[in-house]
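# Survey of secondary and tertiary structure
Listed here are the chains, written in short residue letters.
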Amino acid sequence: MNAFSRRGACPALSAPMQTGDGLLVRLNPVAGGPSSGGLSPKLLIGIAESALRHGNGIMEVTARGSLQIRGLTADSAALLAAEVDALGIAVRTGVPVETGPLAGIDPQEIADPRPMAEEIRVAVEEAGLTQRLGPKVSVIVDGGGQLTLDAVTADVRLRAVRADTASRWLVSVAGDGRTAKRLTVADEDAARDIAVAALRMVAEKGRDAHTRDLSGRQLESLASWHSTAPPSVLPDISPSRGEINGFDAGFSTTPEIGETIGDSAISPLEGEMSGRTEGGASRKPIGLFPLAGETFALGIGLPYGSIPADKIIALAKSALALGTTEIRLAPGRALLFLGQPATANQPLQDTAATLGFVTSAADPRTRIAACPGAPACASGRIATRDIAETIATENADILDPSLTLHISGCAKGCAHPGPAALTLVGGENGAGLVVNATAKALPAGYRPGYDAARGIGRVAAVIRGARYQGETAAACLTRLGTAGIAETYQRAQPYQRK
């Protein structure tokens, strides 16, 4: 516990990471089934009480569904680890092989991903790869269903797809559900072998390597490994259910990093094309999700993934009183409550709303990705969460499903690695504004960090005045152009709130 993990590593319970507000540890509970991340309300209360005793009282659920505790010291981190151990909470170790938060209990899943995930874990251990792979190398096994893992990046992705009356696995590498390179569609055994083979190739390149570093020849080799009949023979059916539509089995022999493999790819998910939040990959883990036997999982979000531990305690105590038997951590910065009677869901939602949690997928806070920022993160140059809260309160109307706002304390862009319609990024010159790009891009304009929310308010006002009937905020933003948006953001004259 005396050697703090370096930046770029994963701040596990046994290897805390130094941040601006002390040490940070991350837990990945596995109680309740492989990778389900399940906890009883009493166990979550126990963890939160320990966070209050030993940290600064701030707890987070990450975009990948991990639980983080902030504000620890070297001594208190050791005490926290001992208390978590005393609670009997099993935490994930080894190479992360992740499944969805409803894995194995979602009636809409194409296939239960848990057996495949366990086979990969065992194979990785038997091959001695755990110590040879870097801490951020990961695998996703996605059974489809109501809550996919399309938004989560991974080195290797296996997603269940329908092929005639059977299910197969679409194998991809290096990216999220939209950007990953599609390799092949294979049966369960072949998909497992391809996943492990890809990890072997990464391990050969060293602990800093990822599948994005594999050569075109290596990717071609993986794509041809025990593959089934070409995916082009599969039926042309709804992509939102995980089935394949017009996938070309062709594979370039010399693909470059960042290119897609084959001449066409799986169709965009319907939710992505329409901007809907009620289905497909764009569905957030907030609200009610039907399970078997007329039961439901209730998803409740943490605003920007962070909330005081005492509020988690209050919510978990309410859930316990209402009959909740399990609480799962969900990718997308949320908690899933299971086991309670259907009549308990509304009272639990009401309690969560009163405590400041996110209870609706339409909440404007769900359209904003914000890292901890200053002063919590040592790299943060702006107070991201304060800026986010002001924008969500004053300009909720422009935060429609088309527009993602990213507020990043620095150019690393941890909270949202991909491009966003608008990004505020902290730097030496204040809060830079990036339009339709990532936090790493050169800002088009700057404003003092303390005044960044006002600058976005100006942009919102322009969008309101210029938007055509039926036009999305993102489309209007693109039409107005980067230069005009940047000039509006930087404008110095007094701003009139709406």
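Scoring rules and cut-offs
- Residues numbered from 1 in each chain as written.
- Predicted model: local features only at pLDDT ≥ 70, side-chain atom pairs only at ≥ 80, totals over all residues.
- Heavy atoms only, no water.
- Helix = DSSP H or I, 4+ residues; strand = E, 2+ residues; numbered from the N terminus.
- Buried < 20%, exposed > 50% of the residue type's maximum accessible area, 1.4 Å probe, protein only.
- Contact = heavy atoms within 4.5 Å.
- Areas by Shrake-Rupley, 256 points an atom, 1.4 Å probe, with all protein chains shown as cover.
- Salt bridge = Lys/Arg side-chain N within 4 Å of Asp/Glu carboxyl O.
- Pairing = 2+ DSSP bridges.
- Axes fitted to C-alpha atoms, helices over the stretch in contact; angles between N-to-C directions.
- Arc of directions from axis to C-beta.
- Phe/Tyr/Trp six-rings, centres within 6.5 Å; stacked < 30°, edge-to-face > 60°.
- Lys NZ or Arg CZ within 6 Å of the ring centre and 35° of its normal.
- Polar contact = N/O pair within 3.5 Å; in protein donor to acceptor, adjacent residues only side chain to side chain.
- Disulfide = S-S within 2.5 Å.
- pLDDT = per-residue confidence, 0-100.
- Parallel < 35°, antiparallel > 145°, perpendicular 65-115°, else oblique.
- Left-handed = near helix turned anticlockwise from the far one by under 90°.
- Nonpolar A, V, L, I, M, F, W, Y, C, P; charged D, E, K, R; others polar.

Before going further, it helps to examine the overall build of the protein. Across its full length, the protein holds twelve helices and 20 strands. Residue burial in the protein is summarised as follows: out of 498 residues, 53% are buried. Sequence separation of at least 24 residues holds for 61% of the intrachain contacts in the protein that already meet a minimum separation of 6. Of the roughly 20300 Å² that the protein leaves accessible, carbon and sulfur atoms contribute 52%.

The next thing to look at is the pattern of salt bridges. All chains considered together, the criterion is met by 20 salt bridges. Taking the shortest distance from any N to any O, the salt bridge between Arg70 and Glu60 comes out at 3.2 Å. A residue pair is termed long-range when its members are at least 10 positions apart, and Arg70 in strand 5 (residues 67-72) and Glu60 in strand 4 (residues 58-61) qualify at ten residues. Take Arg70 and Glu60: they sit in the same class, and that class is buried. Among the ionic pairs, Glu118 bridges to Arg121, the shortest N-O distance being 3.1 Å. Of the two residues, Glu118 and Arg121 both sit in helix 3 (residues 114-126), three residues apart, roughly one turn of that helix.

So, about the sheet that holds strand 7 (residues 139-142). Taken together, five strands build an open sheet; the order of strands is 6-7-8-9-10 and the sheet is mixed. Where the open sheet ends on each side, the last strands, each with one partner, are strand 6 (97-98) and strand 10 (181-186). Pairing of strand 6 with strand 7 involves two bridges; the strand directions are parallel. The partner of Glu98 across the bridge, within strand 7, is Ile140. The strands touched by helix 5 (residues 216-223) within the sheet are strand 9 (166-175) and strand 10, with strand 10 carrying the most contacts at an inclination of about 20 degrees.

In this section: helix 11 (residues 473-480). The complete set of buried residues in helix 11 reads Ala473, Ala474, Cys476 and Leu477. Projected down its long axis, helix 11 shows its buried positions confined to an angular sector of 160 degrees, all on one face. Phi turns positive one or two residues past the end of helix 11, at Gly481, with a value near 90 degrees.

Moving on, we get to the packing of aromatic side chains. Going through the model one piece at a time under the given rule, you end up with zero aromatic pairs. For Arg479, the ring lying beneath its charged end belongs to Tyr468, and the centroid distance is 3.9 Å.

With that settled, the discussion passes to unusual backbone geometry. Residue Pro375 is reached from Ala374 by a cis peptide bond, and omega for that bond is 0 degrees. Relative to the helices and strands, Pro375 resides in the loop between strand 16 (368-370) and helix 9 (384-394). The phi dihedral of Glu294 is positive, around 60 degrees, even though this residue is not glycine. Positive phi outside glycine occurs at Tyr304, with the angle close to 60 degrees. By the element assignment, Tyr304 lies in the loop between strand 12 (296-301) and strand 13 (306-308). Take Tyr304: its relative accessible area is 7%, and that puts it in the buried class.

Before going further, it helps to examine the sheet that holds strand 1 (residues 17-19). Across the sheet, which stays open at both edges, the five strands sit in the order 1-2-5-4-13 with antiparallel pairing between neighbours. At either margin of the open sheet sits one strand with a lone partner, and together these are strand 1 and strand 13. Across the sheet, the mean angle separating the axes of adjacent strands is 30 degrees when strand polarity is ignored. Pairing of strand 1 with strand 2 (residues 22-27) involves three bridges; the strand directions are antiparallel.

The subject of this paragraph is the pairing of strand 12. Each regular strand carries side chains that alternate between the two faces of the sheet. Along strand 12, five of the six residues are buried, which leaves the element largely enclosed by surrounding structure. Note that strand 11 (residues 287-290) and strand 12 share four bridges and pair antiparallel. In the sheet register, Pro290 faces strand 12, and the bridge partner there is Phe296. Connecting strand 11 to the next strand, strand 12, in antiparallel fashion are five residues, including Gly293 with a positive phi near 70 degrees.

Inspection of the secondary structure assignment puts Thr19 in strand 1. Looking at Thr19, the relative accessible area reads 8%, which means it is buried. Of note is the side chain of Thr19, whose polar atom sits 2.7 Å from the side chain of Asp21. A distance of 2.6 Å separates a polar side-chain atom of Thr19 from the backbone oxygen of Gly22.

Looking at the element boundaries, Pro341 is found in the loop between strand 15 (334-338) and helix 8 (345-355). With 47 residues separating them in the primary sequence, Pro341 and Glu294 have C-alpha atoms 9.5 Å apart. If we skip the residues at most four places from it in the chain, Pro341 touches Leu322 and Gly323.

Here we come to helix 5. Within helix 5 the residues assigned to the buried category are Gly216, Leu219, Leu222 and Ala223. For helix 5, the arc enclosing every buried residue in end-on projection is 120 degrees, short of the 170-degree limit, so these residues lie on one face.

With that out of the way, let us pick up the state of the cysteines. Using the criterion set out here, one finds zero disulfides in the structure. Sulfur of Cys377: no disulfide; nearest cysteine sulfur belongs to Cys410 and is 6.0 Å away. On the accessibility criterion, Cys377 (18% relative accessible area) is buried.

When pLDDT is averaged across the protein, the result is 84; 83% of the residues are at 70 or more. Taking the mean pLDDT of every element in the protein, the minimum, 27, falls on helix 6 (residues 270-274) and the maximum, 98, on helix 8. Throughout residues 228-281 the model reports pLDDT below 50, and contacts reaching past four residues in sequence, or to other chains, amount to 100 contacts.

On to the packing of helix 1 (residues 41-54) against helix 2 (residues 74-86). Two numbers describe how helix 1 lies on helix 2: the axes approach to 10 Å, and their chain directions differ by 165 degrees. In terms of orientation, helix 1 lies roughly antiparallel with respect to helix 2. Classified by chirality, the crossing of helix 2 by helix 1 is right-handed. Here Ser50, Ala51, Arg53 and His54 of helix 1 lie close against helix 2, whose contacting residues are Ser76, Leu79, Leu80 and Glu83. Split by residue class, the contact of helix 1 with helix 2 holds three nonpolar, three polar and two charged.

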